[in-house]
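# Breakdown of the fold
Take a look at the letters that make up each chain.
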Amino acid sequence: MQYTKLGTTDIEVSKLCVGCMSFGQAGTMHDWTLDEQQSEAVIRRALDLGINFFDTANSYSAGTSEEYLGRILKKNIARNKVVLASKVYFNEGRLSRTAILREIDGSLKRLGTDYLDLYIIHRFDYGTPVEETMEALHGLINAGKVRALGASAMYGCQFYNMQTTAKQHGWTPFSAMENHYNLIYREDERELIPICKQMQVSLMPYSPLAAGHLARPKWRSDSVRGKTDRVAVGKYDRMEQQDILVVQRVQELAEKHRCTMSQIAIAWQWAKGAASPIIGATKVRYLDDAAGALDVALTLEDVDYLEKLYVPHPIVGAIDKNPEQGVMLLDEKK
């Protein structure tokens, strides 16, 4: 495994992050999540591979993702050997001071720890002043409950304004950005990613394999997730006709490099400057596959070939308003 620092902090993370939305009681959020025993097999393999970075959220599977992760890590590794990230937003009060103070304690309790290495705001909150949110997050740093801060899926101007607000008041800025980014969704290259690079903010993209579309030559999958993941359908199916052409190029380069398609897609992430793409593995072998991407070196010509057929996409990730309370699956196709 290879490692990198998170932003300008001294927090060292593996160049792959385990996305823990895959863990939790099935039916509480998604139908395809792993139970605790299955989750432990994946987490133990991640640790064996040297992966030390785990990303979950207060809203994943009604809190059971955090509970599973906390119990499993406690049995298998010392707390100071892993980097734990969780998120806040899809809860009552969104990013208000009251909500942040309540939700951090809930996450810490479910994870069985007294601090998080990284606390991420899950979306931009249209109902709370930026100053209130940033001051509350800074308070968690001062209280020792959080080591660093991160943000997720928002417009570039929103992220810039939040960072500027923190700087103006002497509060802790964000060190990481968890945004929607992959070979068939590159809209953040316009503003958000350049801002992050300018501000030395680490990129930890979610959905680097586009819900599996970049890992197989055919668009459809017969897996449990493929048949039941309505969010993936909502995020990707409307651009299938254009995006399958990019998928075909991933397949071509996989044959050229004698590796898997997912390894090409992940190697592209690192070539574009991502620090730690988030892998939502539902099988142990998916982590082995992802780790194998460290041995794939893409040339500038490879990167250009992969990117050339991309076309503009509708925004998926950043939101224009707060969803109704209780809604968590933003892109779900009913």
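Nothing here was measured: the structure is a model prediction, and the numbers come from that model. (Residues numbered from 1 in each chain as written. Predicted model: local features only at pLDDT ≥ 70, side-chain atom pairs only at ≥ 80, totals over all residues. Heavy atoms only, no water.)

## Focus on the overall build of the protein
- On a plain count of helices and strands, the protein comes out with twelve helices and ten strands.
- What you see for the protein is a C-alpha radius of gyration of 19 Å, in line with the 20 Å of a compact globule of 334 residues.
- C-alpha extents for the protein along the principal axes are approximately 50 × 40 × 40 Å.
- When burial is assessed residue by residue, the protein has 58% of its 334 residues classed as buried.
- A separation threshold of at least 6 residues defines the contact pool for the protein, and within that pool the share at least 24 residues apart is 80%.
- Within the structure as shown, the protein displays about 14,400 Å² of accessible surface, and the carbon and sulfur contribution to it stands at 48%. (Helix = DSSP H or I, 4+ residues; strand = E, 2+ residues; numbered from the N terminus. Rg over C-alpha atoms; globule rule 2.2 N^0.38 Å. Buried < 20%, exposed > 50% of the residue type's maximum accessible area, 1.4 Å probe, protein only. Contact = heavy atoms within 4.5 Å. Areas by Shrake-Rupley, 256 points an atom, 1.4 Å probe, with all protein chains shown as cover.)

## Looking at helix 2 (residues 64–76)
- Counted at 1.5 Å a residue, the expected span for helix 2 with its 13 residues is 18 Å, and the 18 Å between its end C-alpha atoms agrees.
- For helix 2, the elements touching its buried residues are helix 1 (36–48), strand 4 (53–55), strand 5 (83–88) and helix 3 (97–111). (Expected span 1.5 Å × (residues − 1).)

## Concerning the packing of helix 2 against helix 3
- Look at helix 2 against helix 3: their axes get within 7 Å of each other, and the N-to-C directions meet at 45°. Classified by the angle between their axes, helix 2 and helix 3 sit oblique to one another. Between helix 2 and helix 3, the residues in contact are Glu 66, Glu 67, Leu 69 and Gly 70 and Ser 107, Arg 110 and Leu 111, respectively.
- Here the contact of helix 2 with helix 3 is built from residues that sort into two nonpolar, two polar and three charged. (Axes fitted to C-alpha atoms, helices over the stretch in contact; angles between N-to-C directions. Parallel < 35°, antiparallel > 145°, perpendicular 65-115°, else oblique. Nonpolar A, V, L, I, M, F, W, Y, C, P; charged D, E, K, R; others polar.)

## Details of the environment of Glu 301
- Along the chain, the position of Glu 301 falls in helix 12 (residues 300–307).
- Separated by 27 residues in sequence, Glu 301 and Ala 274 have C-alpha atoms that sit 19 Å apart.

## Things to note about the packing of aromatic side chains
- Evaluated as defined, the whole model comprises four aromatic pairs.
- Aromatic pair Phe 124 and Tyr 126: ring centres 5.1 Å apart, planes at 80°, arrangement edge-to-face.
- Above the face of the Tyr 115 ring, Arg 79 is positioned so that its terminal group lies 3.9 Å from the ring centre.
- Cation over ring: Arg 186 sits above Tyr 310, and NZ or CZ is 4.8 Å from the ring centre. (Phe/Tyr/Trp six-rings, centres within 6.5 Å; stacked < 30°, edge-to-face > 60°. Lys NZ or Arg CZ within 6 Å of the ring centre and 35° of its normal.)

## Regarding the pattern of salt bridges
- As enumerated under the stated definition, the model contains 18 salt bridges in all.
- Residue Lys 87 pairs with Asp 55 through a salt bridge whose shortest N-O separation is 2.8 Å. A residue pair is termed long-range when its members are at least 10 positions apart, and Lys 87 in strand 5 and Asp 55 in strand 4 qualify at 32 residues.
- Residue classification places Asp 55 among the buried residues on the basis of a relative accessible area of 2%.
- Each member of the salt-bridge network shares a partner with another, and the members are Asp 10, Arg 79, Asp 117 and Arg 147. (Salt bridge = Lys/Arg side-chain N within 4 Å of Asp/Glu carboxyl O.)

## Regarding the nonpolar core
- Counting residues in hydrophobic clusters, the biggest one holds 85 residues, and the most contacted among them are Phe 54, Tyr 119 and Phe 159.
- Considering every element that reaches this core, the biggest residue donor is helix 10 (residues 261–271), with seven residues.
- For Phe 54, the contacting residues outside a window of four places in its chain are Cys 17, Val 18, Cys 20, Ile 43, Ala 46, Leu 47, Leu 69, Leu 73, Val 82, Val 83, Leu 84 and Ala 85. (Core = buried A, V, L, I, M, F, W, Y, C linked by side-chain atoms within 4.5 Å.)

## Quick notes on the side chain of Ser 207
- For Ser 207, the position within the fold is in the loop between strand 9 (202–203) and helix 7 (224–228).
- At 3.5 Å, the side chain of Ser 207 forms a polar contact with the backbone nitrogen of Ala 211.
- Other than its neighbours up to four places away in sequence, Ser 207 contacts His 180, Tyr 181, Asn 182, Lys 235, Tyr 236 and Ile 278. (Polar contact = N/O pair within 3.5 Å; in protein donor to acceptor, adjacent residues only side chain to side chain.)

## Quick notes on the pairing of strand 6 (residues 116–121)
- With respect to burial, strand 6 is a largely interior element, six of its six residues being buried.
- Strand direction decides the pairing type here: strand 5 and strand 6, joined by four bridges, are parallel. Paired with Ala 85 across the bridge in strand 6 is Leu 118.
- Viewed along the sheet, the connection from strand 5 through helix 3 into strand 6 turns out right-handed.
- Sheet topology places strand 6 next to strand 7 (residues 146–152); five bridges connect them, and they run parallel. Considered in strand 7, the bridge of Leu 118 is made with Ala 148. (Pairing = 2+ DSSP bridges. Right-handed = clockwise from strand over helix to strand, strands pointing away.)

## Section: empty space enclosed by the protein
- Evaluated as defined, the whole model comprises two cavities of 30 Å³ or more.
- Space inside the largest cavity adds up to approximately 50 Å³.
- Taken together, Ile 184, Tyr 185, Lys 235, Tyr 236, Arg 238, Met 239, Asp 243, His 313, Pro 314 and Val 316 make up the lining of the largest cavity. (1 Å grid on protein atoms, 1.4 Å probe; cavity = no way out; pocket = protein on both sides within 12 Å on 5 of 7 lines; lining within 4 Å. Points joined across faces, edges and corners; volume = space filled by probe spheres on them.)

## Focus: unusual backbone geometry
- The backbone of Ala 153 shows a phi angle near 25°, a positive value even though the residue is not glycine.
- Topologically, Ala 153 is positioned in the loop between strand 7 and helix 5 (156–169).
- Of the residues examined, Ala 153 reaches a relative accessible area of 4% and is grouped as buried.
- Phi angles above zero are rare outside glycine, and Ser 207 is one such case at about 55°.
- On the basis of relative accessibility, which here comes to 15%, the residue Ser 207 falls in the buried class.

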